[in-house]
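Examining the three-dimensional arrangement
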Amino acid sequence: MPGHAQESRLPSIGGSGGGLIAGQQESDIGQQVMVSIRRSAPRISDPLVYDYLSAITYRLAPSAPLQNRDLTLALIDSPAINAFAVPGGIVGVNGGLFLNAATEQQFASVLAHELAHLSQRHFARRMEQQETSAPLTLAGMIAGIVLSAVTQSDIGFAAIAGTQALAAQNMLAYSRSHEQEADRVGLDILASAGMDPRGMPEMFEIMMRQNRMQGNRLPEYLSTHPLTQSRVADTRNRAEQYPDENIRDGQEYHLMRSRLQVHYAPSPDVAVETFEAYLDRPDAQRNDAIRYGLSVAYLEDRQYEKAVDILNDLLATNPGRITFQVTLAEVRLAQDRVDEARSTLKDALARNPGNYPITHTLALTEIADGNGAAAAEHLKQLTRQLPGQEHLWLKLAEAEGMARNIVGVHRARAEYDVLMGDLESAERQLRQAQEKLPAGAPQRQIVTERLAEITSRLHARANS
């Protein structure tokens, strides 16, 4: 483990005992915040990007002094620089963070900083200062704050009732002491995880530069995380106290960055022009991330064979690279060459059992080929792995409908409704599933138990 600067070692003063928000309350708040995000914030459901975000977060998490490492990730579809962490283990990142962080070390520094806020319970401690103990009230305030940041609109504050709005708005920014604490703990997290702490002051400088370029109109991240020149200097000095080990970025970060650059391009043809221009730079022909970005741009611009040529070249020198295999299958699927897409994905899945992007793309391939039952099997596996991804439940309902499994449709729709906070609809879906199953059927017992759980939650909510 890399040596740490002695003065940056801090106790986890957030703690887990005492206070008005603790344990189950934080979990309840987190669930309510995620419901609000699912309902109101645009999300990126791209499995490749989500899989990368999950991998880098869980690389950092063991080095964070968290009481609970069961995290829920929210990938927000916005080109603005932003990230957040709130009670209940919710960590959110805007797609724009990939655009603005030039290196993986810089990107990871923002995640480490947010994990530090979470481990020190900064948001929870500020909420406790309001002397309010009702979890749902707190959840509404937190959700409003988060949505105001991630949607760059007043939609969040519309969710905050009456006189609480001003107090919540004042809490939008972390205090200077909380920011310094998160900087120091975040630097330790980066070093312990084998990443370069110097990425943090580099990322801060990018934000400050963007701030100047925008005429002092703060990037969204800085509206919640105040940044001063002295703080940047302090973080740089602390980062320099860690050993300089010349840590290199992983290739996957730059592949995902290219993928999102195409996603946020004004149009597919502009994305093609941009990456073709990148490719004209010296040594760019050897840059796999640029070539990959061009293949994704060609895919979006329906220049399919050009995309295939690049991806085959990349696979020739990177055999077994999941990102290239999945993207090649996406191209073949766009061409309606379903058998080729399936063959590529099945070969990849045999070497990487249970992989999310491969399995998800294979499920889409089976749906495209009219094989609802096969798609449903893949999607059931994914919903067991990632039960909080609401789009998977919707896709499972579609596959079950294609397979004429009406009970399966009701069950999948019920789980989607639960994630969206519509327990009444979930209860109706489960009752319909129950009615279609004969007494004594194993599935009926499962449906009955889940129905009882949802009904109990409805009663508890009505009595709260």
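So, here's what we can say about the structure.

**Describing the pattern of salt bridges**
Following the criterion strictly, the structure yields 27 salt bridges and no others. A salt bridge links Lys-380 to Glu-400; the shortest N-O distance between them is 3.7 Å. Of this pair, Lys-380 sits in helix 19 (residues 372-385) while Glu-400 sits in helix 20 (residues 390-402), and the two are 20 residues apart along the sequence. Of the residues examined, Lys-380 reaches a relative accessible area of 26% and is grouped as partly exposed. Given the relative accessible area of 5%, Glu-400 is considered buried. A salt bridge links Arg-431 to Glu-427, with the shortest nitrogen-to-oxygen separation between them at 3.4 Å. On the criterion of helical spacing, the pair formed by Arg-431 and Glu-427 is a turn pair, its members being 4 residues apart in helix 22 (residues 423-435). A relative accessible area of 38% means that Arg-431 is categorised as partly exposed. Taking relative accessible area as the criterion, Glu-427 reaches 16% and is therefore assigned buried.

**Some remarks on the packing of aromatic side chains**
Counting across every chain of the model gives 9 aromatic pairs. Geometrically, the ring pair formed by Phe-275 and Tyr-278 is edge-to-face, given 5.2 Å between the ring centres and 80° between the ring planes. Pair noted here: Phe-275 and Tyr-278 are both in helix 13 (residues 268-279), with a separation of 3 residues, about one helical turn. Measuring from centroid to centroid gives 5.6 Å for Tyr-292 and Phe-324, while their planes differ by 45°, and the two rings are tilted. One end of the pair, Tyr-292, is in helix 14 (residues 288-300); the other, Phe-324, is in helix 16 (residues 322-334), and 32 residues separate them in sequence. Three or more aromatic residues joined by ring pairs form one cluster here, namely Tyr-52, Phe-98, Phe-107 and Tyr-253.

Cut-offs used in this document
- Residues numbered from 1 in each chain as written.
- Predicted model: local features only at pLDDT ≥ 70, side-chain atom pairs only at ≥ 80, totals over all residues.
- Heavy atoms only, no water.
- Salt bridge = Lys/Arg side-chain N within 4 Å of Asp/Glu carboxyl O.
- Helix = DSSP H or I, 4+ residues; strand = E, 2+ residues; numbered from the N terminus.
- Buried < 20%, exposed > 50% of the residue type's maximum accessible area, 1.4 Å probe, protein only.
- Phe/Tyr/Trp six-rings, centres within 6.5 Å; stacked < 30°, edge-to-face > 60°.

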